[in-house]
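# Observations on the three-dimensional arrangement
In case you want the letters, here they are:
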Amino acid sequence: MSDCVSDTPRPRGPRLGAVAALVLFGQVFSQAFAQSGHESDLFQQGAFLEAARLAEGGPGADEQAFAARALLAAVVTGEDPPDPGLLERALADAERALDLQPDHAEGRLQAAIALSLRSRSMSSASALREGIAGRTRRMAEEVLSRDAGNHYAHAFLAVWHVEVRRRGGALGAALLGASLEEGEKRYREAVRLRPGDIGVVWQYARALTALDPVRFRTAAIEALEAAVVWSPRDYVEAVLQERARDLLKAYRAGPQSAQELALSRL
């Protein structure tokens, strides 16, 4: 396999409105539900904790999933390592949404993101024992079984395949059914469905860089160069765009610098 992940030609530069998760993941975030204008404004401005607090007082699954989304946005745009209290609270909100509405797509995705972020502080062996990788993959695939056009679920799975390969090695990837080819396929589908999503680009480029900044240099840099010319849609994308700029600078300093930065960021 080449450093471009596959031999399929890729669009370049701004045309990558087209090369764009979170998760970002890990962070991968869905569009806000029809919350009050105030809550939505708070989210757009980066006042995530206040937006979450207000949404948690709501009666339905949409409100609880929105609260989880806001808390995870606070985690992703904050310092690394993530605040474990915020992660547990986000997971509880997402699970509450699923209790209220078991097939709630947003709740399922936010639960998967929260579990994935929580597993970053665990050893690979511990995460494997708890079955987190398999559980989060099933969650995203369940979303796609009901909504094949959910680009956030595709983006989540794109990063999932790369991260499992990094943390589990070839053997772990084989045991869990992870493959870089499938990851790229999911990534391209996410990009096709929602061009210009900075979060999707950042998460995939970061994951590739963390895995192997030499082998995947071309793919990562092309994605990052696209991300830095797009207009951020909200506070989250503005933060992730700045991280994309930082990672491009790190690549100029060398692959080790790029990998160290990728491993230190969400």
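Residues numbered from 1 in each chain as written. Predicted model: local features only at pLDDT ≥ 70, side-chain atom pairs only at ≥ 80, totals over all residues. Heavy atoms only, no water.

### A word on the overall build of the protein chain
Formally: Helix numbering and strand numbering both begin at the N terminus, where a helix is a DSSP run of H or I of at least 4 residues and a strand a DSSP run of E of at least 2. Note on exposure labels: buried denotes an accessible area under 20% of the residue type's maximum, exposed denotes more than 50%, and partly exposed covers the range between, all computed with a 1.4 Å probe on protein chains only.
For the protein chain, the helix and strand inventory stands at 13 helices and one strand. Moving toward the C terminus, one meets the helices and strands of the protein chain in the order β-α-α-α-α-α-α-α-α-α-α-α-α-α. Out of the 266 residues in the protein chain, the part that is buried amounts to 54%.

### Some details on the packing of aromatic side chains
Applicable threshold: Each Phe, Tyr or Trp ring (for Trp, its six-membered ring) is paired with any other whose centre lies within 6.5 Å, and the angle between the two planes then decides the class: stacked below 30 degrees, edge-to-face above 60, tilted in between. Whether a charge lies above a ring is judged from NZ of Lys or CZ of Arg, which has to be within 6 Å of the ring centre and within 35 degrees of the ring normal.
Under the counting rule described, the total for this entry stands at four aromatic pairs. Each ring, one from Phe 43 and one from Phe 48, has its centre 5.1 Å from the other, and the planes form 70°; the classification is edge-to-face. Phe 48 matches Phe 43 in its accessibility class, with the two residues each being buried. Aromatic side chains Tyr 187 and Tyr 204 sit 3.8 Å apart centroid to centroid with 15° between the ring planes, which places their arrangement in the stacked category. In this pair, Tyr 187 sits in helix 9 (residues 180-193) while Tyr 204 sits in helix 10 (residues 198-211), placing the two residues 17 residues apart along the sequence. Taken together, the aromatic side chains of Phe 43, Phe 48, Phe 66 and Tyr 235 make up a single cluster linked through ring pairs. Looking at Arg 69, its charged tip hangs above the ring of Phe 43, at a distance of 3.9 Å from the centre.

### Comments concerning the pattern of salt bridges
Stated formally: Counted as salt bridges are all cases of a side-chain nitrogen of Lys or Arg within 4 Å of a carboxyl oxygen of Asp or Glu.
Under the definition given, this model contains 14 salt bridges. Between Arg 108 and Glu 142 there is a salt bridge, and its shortest N-O distance comes to 2.9 Å. Of this pair, Arg 108 sits in helix 5 (residues 105-119) while Glu 142 sits in helix 7 (residues 132-146), placing them 34 residues apart in sequence. Overall, the relative accessible area of 32% leaves Glu 142 in the partly exposed class.

### Overview of the environment of Leu 193
Going by this rule: Only heavy atoms enter the contact rule, under which two residues are in contact if any of them lie within 4.5 Å.
Secondary-structure assignment places Leu 193 in helix 9. Sequence separation between Leu 193 and Tyr 152 is 41 residues, and the spatial gap between their C-alpha atoms is 9.3 Å. Setting aside residues up to four positions removed in sequence, Leu 193 forms contacts with Ala 148, Gly 149, Asn 150, His 151 and His 154.

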